Amino acid sequence: MKAKQSLGSRLAEGVSGGLVRVLLIVVGLFWLVPTIGLLLSSLRSPEDIAASGWWKVFTEPSQLTFDSYAKLLENEDITSSLVNTVWITVPATLLVVIIGSLAGYAFAWMEFPGRDWWFLGVVGLLVVPVQVALIPIAELFGSIGIFGSVIGVVLFHVGFGLPFAVFLLRNFFAEIPRELLEAARLDGAGELRLFFRVVMPLGAPAIAALGIFQFLWVWNDLLVALIFSDSGSQPITVALQTQVRQFGNNIDVLAPGAFISMVVPLVVFFAFQRQFVSGVMAGAVK
Amino acid sequence: MTSATAAGGVKPPAVGKSRKSVTGTRRIVAALFLLPALVLLGALVVYPIGYSVVRSFYDQSGDGFAGIDNYKSLFTDEGIRTALKNNVIWVVFAPTVATALGLIFAVLTERVRWGTAFKLVVFMPMAISMLAAGIIFRLVYDQDPDKGVANAVWVGVHDTFTQASAFPKAHPGRQSPLEPAGGGAFITKSPVRAGETVSLPLVGVAPDLMPDGAKPAVAAKPQPDKITGTTWQDFTRGKGVGKLNSVDAAELGYAGMKIEAVKDGKVVASATAADDGTFTLPASADGALLRLPDSNFKEPYNGLDWLGPSLVTPSIIGAYIWMWAGFAMVLIAAGLAGVPRELLEAARVDGASEWQVFRRVTVPLLAPVLAVVTVTLMINVLKVFDLVFIIAPGSSQDDANVLALELYRKGFSEDQPGIASAISVFLLLLVIPVMWFNVRRLRREVRR
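Residues numbered from 1 in each chain as written. Chains lettered and ligands numbered in written order. Predicted model: local features only at pLDDT ≥ 70, side-chain atom pairs only at ≥ 80, totals over all residues. Heavy atoms only, no water.

Enquirer: What am I meant to see in the overall build of chain B here?
Expert: When you go through chain B residue by residue, the secondary structure sums to 14 helices and eight strands. For 448 residues, the compact-globule estimate of 2.2 N^0.38 gives 22 Å, and chain B exceeds it by more than 25% at 34 Å. Expressed along its principal axes, the backbone C-alpha trace of chain B runs to roughly 115 × 70 × 40 Å. Partitioning the contacts of chain B with sequence separation of at least 6, the portion at a separation of at least 24 is 69%. Working note: accessible area of chain B is about 20400 Å², and carbon and sulfur atoms make up 60% of it. Computed over 43 positive and 37 negative side-chain charges, the inter-centroid distance for chain B is 14 Å. (Helix = DSSP H or I, 4+ residues; strand = E, 2+ residues; numbered from the N terminus. Rg over C-alpha atoms; globule rule 2.2 N^0.38 Å. Contact = heavy atoms within 4.5 Å. Areas by Shrake-Rupley, 256 points an atom, 1.4 Å probe, with all protein chains shown as cover. Lys, Arg positive; Asp, Glu negative; His and termini not counted. Charge placed at Lys NZ, Arg CZ, Asp CG, Glu CD.)

Enquirer: Explain the nonpolar core here, please?
Expert: Nonpolar side chains tend to gather and get buried jointly when the protein is soluble and globular. Among the nonpolar cores identified, the biggest contains 210 residues, and Phe228 of chain A together with Trp90 of chain B are the most heavily contacted of them. Counting residues per element, this core draws most heavily on helix H8 (residues 312–337) of chain B, which supplies 19 residues. Ignoring any residue separated from it by four or fewer positions in sequence, one finds phenylalanine 228 of chain A in contact with Leu134, Ile137, Ala138, Phe141, Phe147, Gly148, Ser149, Val153 and Phe156 of chain A. Phe167, Ala170, Met210 and Leu281 of chain B belong to the second largest nonpolar core, which has 27 residues in total. (Core = buried A, V, L, I, M, F, W, Y, C linked by side-chain atoms within 4.5 Å. Buried < 20%, exposed > 50% of the residue type's maximum accessible area, 1.4 Å probe, protein only.)

Enquirer: When you look at a nonpolar patch on the surface in this model, what are you seeing that I'm missing?
Expert: Residue and element names in this part refer to chain A. Together, Val86, Val90, Leu94 and Ile98 make up an exposed nonpolar region whose accessible area comes to about 320 Å². Residue placement: isoleucine 98 occurs in helix H5 (residues 76–109). Taking the relative accessible area as the measure of exposure, isoleucine 98 reaches 44% and is therefore partly exposed. (Patch = residues over 30% accessible without salt bridge, like charges linked within 9 Å, V, L, I, M, F, W, Y side chains within 5 Å. Salt bridge = Lys/Arg side-chain N within 4 Å of Asp/Glu carboxyl O.)

Enquirer: Is there a simple way to think about the side chain of serine 52 of chain B in this case?
Expert: With respect to the element layout, serine 52 of chain B can be found in helix H2 (residues 27–55). For serine 52 of chain B, a relative accessible area of 1% gives the class buried.

Enquirer: Would you mind showing me how to read the sheet that holds strand E1 (residues 178–180) of chain B here?
Expert: Within a sheet, neighbouring strands are paired by backbone hydrogen bonds and run either parallel or antiparallel to one another. All names here are of chain B. The strand order E1-E2-E8-E5-E6 describes an open sheet built from five strands, whose pairing is antiparallel. Looking at which strands have only one partner, the edges of the open sheet turn out to be E1 and strand E6 (266–272). Pairwise comparison of adjacent strand axes, ignoring direction, gives a mean angle of 30° for this sheet. Looking at chain direction, strand E5 (residues 258–263) and E6 are connected through six bridges and run antiparallel. (Pairing = 2+ DSSP bridges. Axes fitted to C-alpha atoms, helices over the stretch in contact; angles between N-to-C directions.)

Enquirer: Honestly, the UniProt feature "domain: ABC transmembrane type-1" (unreviewed entry) in chain A in this entry has me stumped. Any pointers?
Expert: The positions UniProt marks with the feature "domain: ABC transmembrane type-1" (unreviewed entry) are residues 82–272 of chain A. Segment residues 82–272 of chain A splits into 79% helix and 0% strand. End C-alpha atoms: 22 Å apart. (UniProt positions renumbered as here; feature names shortened; annotations may be inferred.)

Enquirer: In this structure, what is going on with H2 of chain B? I would like to understand it.
Expert: An α-helical turn contains 3.6 residues, so any two residues separated by three or four positions project in the same direction. The terminal C-alpha atoms of H2 of chain B, which comprises 29 residues, lie only 37 Å apart, well short of the 42 Å expected from a rise of 1.5 Å per residue. The sharpest bend along H2 of chain B measures roughly 45° and falls at leucine 34 of chain B, with the proline proline 36 of chain B sitting one to four residues further on. (Expected span 1.5 Å × (residues − 1). Bend = angle between axes of the 7 residues up to and from the residue.)

Enquirer: How should unusual backbone geometry be read in this particular structure?
Expert: Trans peptide bonds make up the majority, and among non-glycine residues the majority have a negative phi. Phi is positive for aspartate 225 of chain B, which is not a glycine, with a value near 65°. With respect to the helices and strands, aspartate 225 of chain B occurs in the loop between strand E3 (197–202) and strand E4 (227–233).

Enquirer: What exactly am I supposed to notice about the UniProt feature "transmembrane region" (unreviewed entry) in chain A here?
Expert: Residue and element names in this part refer to chain A. The UniProt feature table records "transmembrane region" (unreviewed entry) at residues 20–40, 86–110, 117–138, 144–173, 194–219 and 253–272. This span, residues 194–219, is 96% helix and 0% strand, and a straight line between its end C-alpha atoms measures 32 Å. With 95% helix and 0% strand, residues 253–272 has its two end C-alpha atoms placed 29 Å apart.

Enquirer: Any chance you could explain the sheet that holds strand E7 (residues 278–281) of chain B here in plain terms?
Expert: All names here are of chain B. The strand order E3-E4-E7 describes an open sheet built from three strands, whose pairing is mixed. Unpaired on one side and paired on the other, E3 and E7 mark the two borders of the sheet. Mean inter-strand twist for the sheet, computed between neighbouring axes without regard to direction, equals 25°. The pairing of E3 with E4 spans six bridges and is parallel. Residue pairing in the sheet places leucine 202 in a bridge with glutamine 233 of E4.

Enquirer: Is there a simple way to think about the pairing of strand E8 (residues 289–292) of chain B in this case?
Expert: All names here are of chain B. Burial along E8 is one-sided: Leu290 and Leu292 are buried, while Leu289 and Arg291, pointing the other way, are not. Alignment of strand E2 (residues 186–188) against E8, held across two bridges, turns out to be antiparallel. In the sheet register, isoleucine 187 faces E8, and the bridge partner there is arginine 291. Inspection of the sheet shows E5 paired to E8 by three bridges, in the antiparallel sense. Opposite alanine 261, over in E8, you have leucine 290 as the bridge partner.

Enquirer: Help me understand helix H7 (residues 149–161) of chain B in this model?
Expert: When the terminal C-alpha atoms of H7 of chain B are compared, their 19 Å separation across 13 residues agrees well with the 18 Å that a helix rising 1.5 Å per residue should span. Three or more residues of H7 of chain B are buried, namely Val149, Ala150, Asn151 and Val155 of chain B. Close packing links the buried residues of H7 of chain B with helix H2 (17–42) of chain A together with helix H6 (130–140) of chain B.

Enquirer: Is there a simple way to think about the pattern of salt bridges in this case?
Expert: Pairing is possible between side chains of opposite charge, provided their charged atoms come close. One pass over the full model with this rule turns up 15 salt bridges over all chains. Measuring nitrogen to oxygen at the nearest pair gives 3.3 Å for the salt bridge that ties aspartate 252 of chain A to lysine 71 of chain A. Pair noted here: aspartate 252 of chain A is in helix H14 (residues 251–271) and lysine 71 of chain A is in helix H4 (residues 67–73), with a separation of 181 residues, a long-range link. Taking the relative accessible area as the measure of exposure, aspartate 252 of chain A reaches 11% and is therefore buried. Residues glutamate 182 of chain A and arginine 178 of chain A are paired through a salt bridge, measuring 3.5 Å at the closest nitrogen-oxygen approach. Here glutamate 182 of chain A and its partner arginine 178 of chain A are both found in helix H9 (residues 178–186), four residues apart, which amounts to about one turn of the helix. One salt-bridge network, in which partners are shared between bridges, spans Asp77, Asp398, Glu406, Arg409, Lys410 and Glu414 of chain B.

Written out as structure tokens, the structure is:
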């Protein structure tokens, strides 16, 4: 860390530091302004939105109001879709973590014929685009009667979350020192005990990274839910998407709706930056 | 954030070491551990691949074998061709621009103390949904410069360099001494003489568009050897024109209106109206016609049509880069942290400029990371759907079409699952090289 700072200061001597700073501030504003625009739009009345741009609130702060949010939370469609989002995201995340851990552990530490080939097969599935499965799975779910249900959406997310989960966890579990596992084994721990008491706790950083990655992935998904959910099981992304068609007249619904849908991912992002970043980095192959 | 990167999987974990089952597991136990994952993967990922491949050779109803007809339509169907063309644009520009920006940000943030805060700001959009980003950018790209921040900035810059006109839609009223002179200008019907006063009344400027400084119009006083006159809005609110072609108390002068005296097609003198609409021309204008040039009447500049047919794809790519440049930046920054500092310093000691160090040392050392980032983004871009679906308005969605969107339309609203399956197989074929690369790299590690 120290070496890096000294390098940083030396670099700053080389190029005019002031220019770099100004440039980065401008770019930073560039990145912030769109989100600020959404936030401030969500805090204005429909009349104000129709009359002027969101930057007007800087000269007329009295325009700020929570009315749009209050109205939105009385909107049955939106609140029930928020609940659906939770009902889809939580199971899809937990299932991927559990099933992925089991398989990752088996690939890392168990002996069975063709183990490495099976694992390479899973790795090959990492980059399969979800688009390939939309039509076949729609027909499959239709025939077994879970098309349009929360279960269908969850299952699809689990299926396409697993290759990455197995890949990430197998690689991480393989790094656990053999001695630890052998010691536990000598103490008479069975397979399940070993898995829950040794492997899972030691693999916690990778499991957290995977969990956060998968959570955000499912929470933010539009396409899968657009196809596999119906009006009763749709998550917030789909509920808002149906509103986009009348864009312009309903910014008082869209802006606060989009912001509410962003709150959870943003909280997760700021609270678990570290895990999120390592999840993203491991997922670079996805 | 930088320290977190070290904990992550940027270096592929060494898989090596032939590992015997520590636990002496019976095969049945191993099978139980694997079963849920393999069953789900088989049913939800592997089976659909096979199904899609087979389905793509059957017609839309699924009953008749269609050979390669569905694949032929990839190149003949108008919608798919636009989508293909746009996908090429996406794949060429989005990953390269995002990676280039990521590289620049990663290098520059090393030079400031608040680099981490900057990274957080740029990386944040990765956490939100493409839907939310889409709504954010629908707002940004709003055509009306009074609402969309993109056009507000653009028009602001534009108007700084070109003068905005003040009187759009102004035109002569009844029995006016003025007539159209072509190209939006107006000209007097008869020549003016020195010592006379001239009236140049117009109507039609909306009250809120009148210049802020405009004052009630005043009838000009005649001056010897000069031409004086007034140009004003000959319209009294609630009373119509008032007294036609003469100044009423409630009528405003056209402050800032340009007036040209024209003789034989040449401008011999010009003037600008004062706040009360009066103007004075020198004697040289004697016998000339007075013209109000078209620059007075141009429509105010309204900015770019960001989401119109020609700009919609670049605009959406802009939104994508906003989301993903942070991803490139974080990965590249992690790579940068692994670059041996001695190399950079050695180059500097040898007299290399900062640019040369960057170009000849940093970039080549980062080449593998840059390649991984670019390829990852390319795969991601191939599948782009949400952003286009949300940002492109109905009127220009056809122009913004991409393969994933066309697949959704064909498969789920136009009832052409055969063609949709062909599109999905085509997408799969495009990522197979990457799949092969992943497997090969892993196989080396597993076998070690």
